[in-house]
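Architecture at a glance
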Amino acid sequence: MRRARSASLRMTLMVASGIILMSLGAMGVQYRVTEASLNARQAELLRADLEAFAALYEQRRIVALRQAVEFRVASSSAAQGIYLLMDRDVKLAGNLDGWPDGLTREGADFTPKGAQIFDHNGVSYLGIARDLPGGFPFLVARARTDTLSTLADLRRLIGWVALGLVAVALLAGWGISRAVLGRIGRLNALADQVAGGDLSARLPSPRQQDEFAVLQDHVHNMLDRIEGLNRATHRLSDAIAHELRTPLNRIQHRLSALEGQDAQVEEIRGEIRSTVRIFDALLDISSAEAAKGQRPGLVPVNLSELAEEVFDLYEPLAEETGMLCSAEITPDLHVLGERSLLAQLLSNLLDNAIKYCGPGDAIAVLVTEQDGRFLLQVTDTGPGIPEELRAEMFDRFTRAERDRDRAGHGLGLALVQAIAARHGAKLILPETSKGFAIGISCPKLDPSA
Amino acid sequence: MTTPETPQILIVEDDQVAAEAMAEAVRDVGGQPILRASYDDGLEAARGSDFAVILFDRMLPGGDGVDAIAKVRAAGSTALVMVVSALGRAQNKIEGLEKGADDYLAKPFDPDELRARLRALLRRKNMVALDNDVVAFGDLEIRMKARTVHVGTTHVAISPKEFKLLRYFANNAGDLVTRMQLLENVWNLHFDPQTNVVDVHVGRLRRKLETAAGRPIIHTARGEGYVFDPVGEAE
């Protein structure tokens, strides 16, 4: 459930982040274009300045240049541009007191070629530094303040837009995944309910016909089919019980009409009884398996009391055959179960233990709390289960070769397993040095439920 | 309410062979069988007159006998209902008993078993509320409240389970009581265990009573069960 939720959210976020990346890319291109055009304008201004100075220098050299620089300095502020003309180390004109540190001079022309970007007093400038013939250092630079602040504004704007996009994408992702997951979640809940045993659970019909509605219809159709099959199976087992028991019943009645052959009649009755027991066990196994994990039909059962009663029923029989019986039962442990099935489970285990143990063997019943569950365990010191049968001991009709001459049909443990599963209990097979031990570990009954 | 000399017993069963066998068992216990073969006919008959016992099948043409129990009771019938059905697993039995059946017998059944159960029901039907504290059979005295047993003045020490067993025997004194009846009524277990676990319990109780009384109290009946006969009437 958790994993599914993150998967759908991840999808939405992937799509959203794709859109965000594309938008940011487009804005990045826009930014580059703007930056380039602003830089070009800056360069243009510098070139215009230089052209004006070049024209004057052509006419009267340094004198005219000096006047022009003085005029420029008077008509503009240092924040817009800096101008400096020097005679070696002496300032002739300009709005700087001395040559800026670290600024190298190159060439003697008045073209914007080799224009450099430099910082002076915390302001960024684009300009040229020349050494005019005769040893006159000359500097013309335009402040980039406007360009830079425009670009900074643009960057800030892009930042906010990106933030906004992420927020909207997250909101949209959350909303979409909630809407989608809500509907998938309802289907999942339905599946859980069905798996929990309620085959007749259905969802209300959807408001609009979309893919989810189609999926829901499919699930419903599937459930209808399963429910129908399940009902048919139940009817079939009831029918089998009826159809086989009725002729057996007639045989039984015809038997009682026979006289003078008591021993044989008794034997046939025994056979009928054991036949009935086989299909009872088979039907019990399938009905317990069908009801596996279902809550309906389970009621609070005092496991300790039940174990005590069944133990008391079997104890004299075991004792009379010379076995040592003991029970260690923690009182008043309650589980949710079917009393009759649990009694049958313990009865099967004790039957088995008594059947395979001989005089002198020990049989112990344990009911206790272990690891937050209730454990019902039967241990004996009998011959145990042959190694080669361990894998299939819970299969129907599994019997050891050595036990062919003993009564039984190999259904006892299969029924034990089905009953355990019906109660959501785990079967455990503790290691024993001798004999056989088997336990079922039942969920505790939640006293608040 | 008057109890007729011959108790009328309604049999609702669609299998003719089974119905005939049931009718025979009814005559054996001194009752008069009335046969019906479908759910509706059976229900109509059951509502119409007051039977001592009604034997109802489950998978009848027209319905399930277990569903009829409440309707029969609602019609004012005081009949005891025994469900006799091929749906004979422990769960089916418990379902039937929970829905109000007084007894539940699985098919195939032994005629002796049906007779024993019919007798037990008829006895229950005619029993005047027995709240006597002391039930005496000759010199054998059972004190219900104190849960003790005496033969003459000798106290017989028995376990609580053995007392329950003895009480059930005493309620059906003189009649055959089957192992299955004991398992259902004394241990409240409705399945057929592979081994005859009940025998050992009855054996212990029997030995204790016999030692104290110096004569057999519980007799083994051929095949199916036991007869509690402390004063030797049945001999």
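Just so it is clear, the model here is predicted, and its values are computed rather than measured. (Residues numbered from 1 in each chain as written. Chains lettered and ligands numbered in written order. Predicted model: local features only at pLDDT ≥ 70, side-chain atom pairs only at ≥ 80, totals over all residues.)

So, about the overall build of chain A. When helices and strands are tallied, chain A shows 7 helices and 12 strands. In chain A, which comprises 449 residues, the proportion classed as buried is 24%. In chain A, the share of contacts with a sequence separation of at least 24, taken over all contacts with a separation of at least 6, comes to 65%. (Helix = DSSP H or I, 4+ residues; strand = E, 2+ residues; numbered from the N terminus. Buried ≥ 20, exposed ≤ 12 C-beta atoms within 10 Å, placed from the backbone. Contact = placed C-beta atoms within 7 Å.)

Helices and strands together make up the secondary structure of chain B, namely 8 helices and 12 strands. Per-residue burial for chain B yields a buried fraction of 45% across its 235 residues.

A word on the sheet that holds strand 3 (residues 53-56) of chain B. Residue and element names in this part refer to chain B. Read across the open sheet, the 5 strands follow the order 2-1-3-4-5; overall the sheet is parallel. Strands with a single pairing partner mark the edges of an open sheet, and in this sheet they are strand 2 (32-36) and strand 5 (103-106). Within this sheet the neighbouring strands show an average axis-to-axis angle of 20°, counted without direction. Pairing of strand 1 (residues 8-12) with strand 2 involves 5 bridges; the strand directions are parallel. Each residue of the ladder has a partner; that of V12, found in strand 2, is R36. Across the sheet, helix 4 (residues 90-98) is in contact with strand 4 (80-85) and strand 5; its angle to strand 5 comes to roughly 155°. (Pairing = 2+ DSSP bridges. Axes fitted to C-alpha atoms, helices over the stretch in contact; angles between N-to-C directions.)

Residues and elements named next belong to chain B. One open sheet holds the 4 strands; their spatial order is 6-7-8-9, and the pairing between them is antiparallel. With one partner strand each, in any of the chains shown, strand 6 (134-137) and strand 9 (154-156) form the two edges of the open sheet. Adjacent strand axes in the sheet meet at a mean angle of 25°, parallel and antiparallel pairs treated alike. Two elements, strand 8 (residues 148-151) and strand 9, share 3 bridges in a ladder whose sense is antiparallel.

Quick look at the interface of chain A and chain B now. Taken together, the contacts link 34 residues of chain A with 31 residues of chain B. Contributions of two or more residues to the side of chain A that touches chain B are made by helix 3 (211-257), helix 4 (262-290), helix 5 (303-320) and helix 6 (339-356) of chain A. The class makeup of the residues in the side of chain A that touches chain B is 12 nonpolar, 10 polar and 12 charged. (Nonpolar A, V, L, I, M, F, W, Y, C, P; charged D, E, K, R; others polar.)

Another point: the nonpolar core. Judged by nonpolar contacts, the single largest core of 121 residues is most densely connected at L303(A), M22(B), V53(B), I54(B) and L55(B). L55(B) has contacts with I9(B), L10(B), I11(B), V12(B), E13(B), M22(B), M82(B) and V84(B), leaving out every residue within four places of it along the chain. One finds L46(A), I128(A), V140(A) and A141(A) within the second-largest nonpolar core, a separate group that totals 20 residues. (Core = buried A, V, L, I, M, F, W, Y, C linked by C-beta atoms within 7 Å.)

Between K107(B) and the following residue, P108(B), the backbone shows a cis peptide bond with an omega angle of -5°. Backbone geometry places D332(A), a non-glycine residue, at a positive phi of 60°. Summarising the element assignment, D332(A) is placed in the loop between strand 7 (324-329) and strand 8 (334-337). Its identity as a non-glycine residue notwithstanding, D371(A) has a phi of 50°, on the positive side. Within the secondary structure layout, D371(A) lies in the loop between strand 9 (362-370) and strand 10 (373-380).

A few words now on the environment of T154(B). Within the secondary structure layout, T154(B) lies in strand 9. Counting along the chain gives 14 residues from T154(B) to L140(B), while the straight-line C-alpha distance between them is 9.6 Å.

The next subject is the confidence of the model for chain B. Of all residues in chain B, 94% have pLDDT values of 70 or greater, and the mean over the chain is 88. Listed scores for the predicted complex are pTM 0.66 and ipTM 0.86. (pLDDT = per-residue confidence, 0-100.)

Residue and element names in this part refer to chain B. As a packed pair, helix 1 (residues 16-28) and helix 5 (residues 111-126) sit with axes 9 Å apart at the nearest point and diverge in direction by 50°. The angle between helix 1 and helix 5 falls in the class oblique. Seen along the crossing, helix 1 lies across helix 5 with a hand that is right-handed. Contacts from A21, M22, A25, V26 and D28 in helix 1 reach P111, L114, R115 and L118 in helix 5. (Parallel < 35°, antiparallel > 145°, perpendicular 65-115°, else oblique. Left-handed = near helix turned anticlockwise from the far one by under 90°.)

Moving on to the packing of helix 2 (residues 39-48) of chain B against helix 3 (residues 65-74) of chain B. All names here are of chain B. Contact geometry of helix 2 with helix 3 gives a least axis separation of 9 Å together with a crossing angle of 25°. With respect to helix 3, the axis of helix 2 lies roughly parallel. Where helix 2 crosses over helix 3, the handedness of that crossing is right-handed. For the pair helix 2 and helix 3, the contacting residues are Y39, G42, L43, A46 and R47 in the first and A68, K71 and V72 in the second. Of the residues contributing to the contact of helix 2 with helix 3, the split by class is 5 nonpolar, 1 polar and 2 charged.

Moving on: helix 4 of chain B. Every buried residue belonging to helix 4 of chain B is among A90(B), Q91(B), N92(B), K93(B) and G96(B), and all of these are buried. Buried-residue contacts for helix 4 of chain B involve helix 4 and helix 6 of chain A together with helix 3, strand 4 and strand 5 of chain B. Positioned one or two residues after helix 4 of chain B, G100(B) has a phi angle of 110°, which is positive.

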